[in-house]
Structures are given as C-alpha cells and as structure tokens.
Amino acid sequence: AQSVAQPEDQVNVAEGNPLTVKCTYSVSGNPYLFWYVQYPNRGLQFLLKYITGDNLVKGSYGFEAEFNKSQTSFHLKKPSALVSDSALYFCAVRRGGSYKLIFGSGTRLLVRP
Amino acid sequence: EPEVTQTPSHQVTQMGQEVILRCVPISNHLYFYWYRQILGQKVEFLVSFYNNEISEKSEIFDDQFSVERPDGSNFTLKIRSTKLEDSAMYFCASSEEGGQGQPQHFGDGTRLSIL
C-alpha cells in the first residue's frame, strides 16, 4: 500500500538557521513527490516536486528538497529560515497510473525570531 | 496568479440534507479533483474528473457523492444525504494536465459542518 510518513509533528528553528522537514514514502514503481505548504485558513499551496533526474530540486520561496531513493526519503530544506515560513507543511506522493495524491500527516514549522 | 476558488467557505447543514460544494478551477486546467480532511486526520483523495467523466475515485466516494461540471467554469461536489461523519474540510484542486508530474493546485477549502 502507498503511504507517506512525516515523523515530526512540529519542527522548531530559529530565524536564520537552516531547516529540515522530513518525509519518507512507500509506493510501488517510480514515485512522484510533492511538497505543499498551508498557511492558516488557506488551501494547500504547491512548493516543489520531484519527477526524475537531479536529486536536489528547487522550489518556491527558497525551499529545496532532496530525493534519496535508497532511503525512500524526500526531505524539505531551506538554508536560512524566515519567521514567515511558519506554517503547516505536507509531503505527498503520487504513483504512476493514478491521479491520487497521498498525503502525509503534516509537520508544523515554527520559526522563532 | 490564477487561483482555484471555492464557495462557500463554511457550510452548516442538518444531517440527512443534501449539500452542494462549489469550485471554480483555474481557467485553462483540464483535470479536477476533490479531497477532504477530517479534523485531526490526513488529507484524503475523493475523486478525479476529466472530460466530463470520473477518472478515478476512492472507496470513500460512494453513491452518496457525485460530481458535476455543469458549465464551462464550475465544478461541484454533491453529497446526497449528509451524515455526521461527512463533517470535514473539503478541498477542490485542478491541474493543467493529468500527468504524474503535474502539480495539483488547491482552493482554500469549504468547511462542512453537519449538525
């Protein structure tokens, strides 16, 4: 069965420090991986995706994510966190032949000034 | 930047009543989706829709649910006879194409409360 795990409910980081939000997945075949961000009272906003090719993908607002096939992980990173990055982050996977996005449970990122 | 818009933002309905949730996808998008998130749980896929047909649905999407594109801009989700457990945030999404690498763009959601 396909699944996504986000092992941390919350990540706390000081402004200016690097951040990592973890995601691991289980899917048959090649995975198509996505990160979304949700601000209060808003929908899920697409950040970045991995389809194939370079294992480091860059997205919006300075975020990037590293795909690791052997560890079945797709961790979200940012070199220098901003207070405005505080939000709920969702990792999602889609398998070949399906339209369905399978989401993780979300990780709340709190960036302290 | 074009957005998916959903109305209403909050819908309160008596159990057993029919409810229609409305969405206007991004104008040049061809694939449409509904997801829901019950409070405290994961975002779950309900259905995908393309070319006036359901292309995929989950086991949640039973006979109580239906989707329709009544005109060139709207995409609706109907729940025929609501149950308490239908209370959730419902998200509409759209994508330009259906390929696996295509990101789905989400609206802000409709919070459905069943009394």
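What you see is a predicted model, and the numbers here were worked out from it, not measured in a lab.

**Student:** Now, about the packing of aromatic side chains: what can you tell me, with residues and values included?
**Tutor:** Following the criterion strictly, the structure yields 20 aromatic pairs over all chains and no others. Relative to F106 of chain B, the ring of Y36 of chain A has its centre 5.4 Å away and its plane inclined at 85 degrees; by these criteria the two rings are edge-to-face. Taken together, the positions of Y36 of chain A in strand 5 (residues 31–38) and F106 of chain B in strand 10 (residues 105–106) put the pair across two chains. Given a relative accessible area of 0%, Y36 of chain A falls into the buried group. The class for F106 of chain B is buried, based on a relative accessible area of 8%. An aromatic cluster of at least three residues, connected via ring pairs, comprises F34, Y36, F46, F90 and F103 of chain A together with Y35, F45, F91 and F106 of chain B.

**Student:** Break down the pairing of strand 11 (residues 110–114) of chain B for me, citing the residues and quoting the values.
**Tutor:** The side chains of a regular strand alternate between the sheet's two faces. Residue and element names in this part refer to chain B. Only one face of strand 11 is covered, namely the one carrying T110, L112 and I114; the face carrying R111 and S113 has none of its residues buried. Looking at chain direction, strand 2 (residues 10–13) and strand 11 are connected through 4 bridges and run parallel. The residue bridging V12 from the neighbouring strand is S113, located in strand 11. The sheet contact formed by strand 9 (residues 88–95) and strand 11 spans 3 bridges and is antiparallel. Paired with Y90 across the strands is T110, a residue of strand 11.

**Student:** Could you give an account of the pattern of salt bridges, naming the residues involved and the relevant values?
**Tutor:** Working definition: two side chains of opposite charge can pair if their charged atoms are close together. All chains considered together, the criterion is met by 6 salt bridges over all chains. R42 of chain A is paired through a salt bridge with D108 of chain B; the nearest N and O atoms lie 3.0 Å apart. Pair noted here: R42 of chain A is in the loop between strand 5 and strand 6 (44–50) and D108 of chain B is in the loop between strand 10 and strand 11, and the two residues belong to different chains. Of the residues examined, D108 of chain B reaches a relative accessible area of 31% and is grouped as partly exposed.

Conventions adopted
- Residue numbers run consecutively from 1 along every chain, following the written order of its sequence.
- Labels are handed out in written order, letters beginning with A for the chains and numbers beginning with 1 for the ligands.
- The model is predicted, so local features are restricted to residues of pLDDT at least 70 and side-chain atom pairs to those at 80 or more, both for listing and for counting; the totals for chains, interfaces and linings are taken over all residues.
- Think of the side-chain values as coming from all heavy atoms in the structure, minus any hydrogens and water.
- Two aromatic rings, drawn from Phe, Tyr or Trp (for Trp, its six-membered ring), form a pair once their centres lie within 6.5 Å of each other, and the interplanar angle then sorts them: stacked below 30 degrees, edge-to-face above 60, tilted otherwise.
- In this text, helices come from DSSP runs of H or I with a minimum length of four residues, and strands from runs of E with a minimum of two, each type numbered from the N-terminal end.
- Think of it in three bands: residues with accessible area under 20% of the maximum for their type are buried, residues over 50% are exposed, and the middle band is partly exposed, with areas taken using a 1.4 Å probe on protein chains only.
- In this analysis, strands are considered paired if DSSP registers two or more bridges between them.
- Any Lys or Arg side-chain nitrogen located within 4 Å of an Asp or Glu carboxyl oxygen qualifies as a salt bridge.

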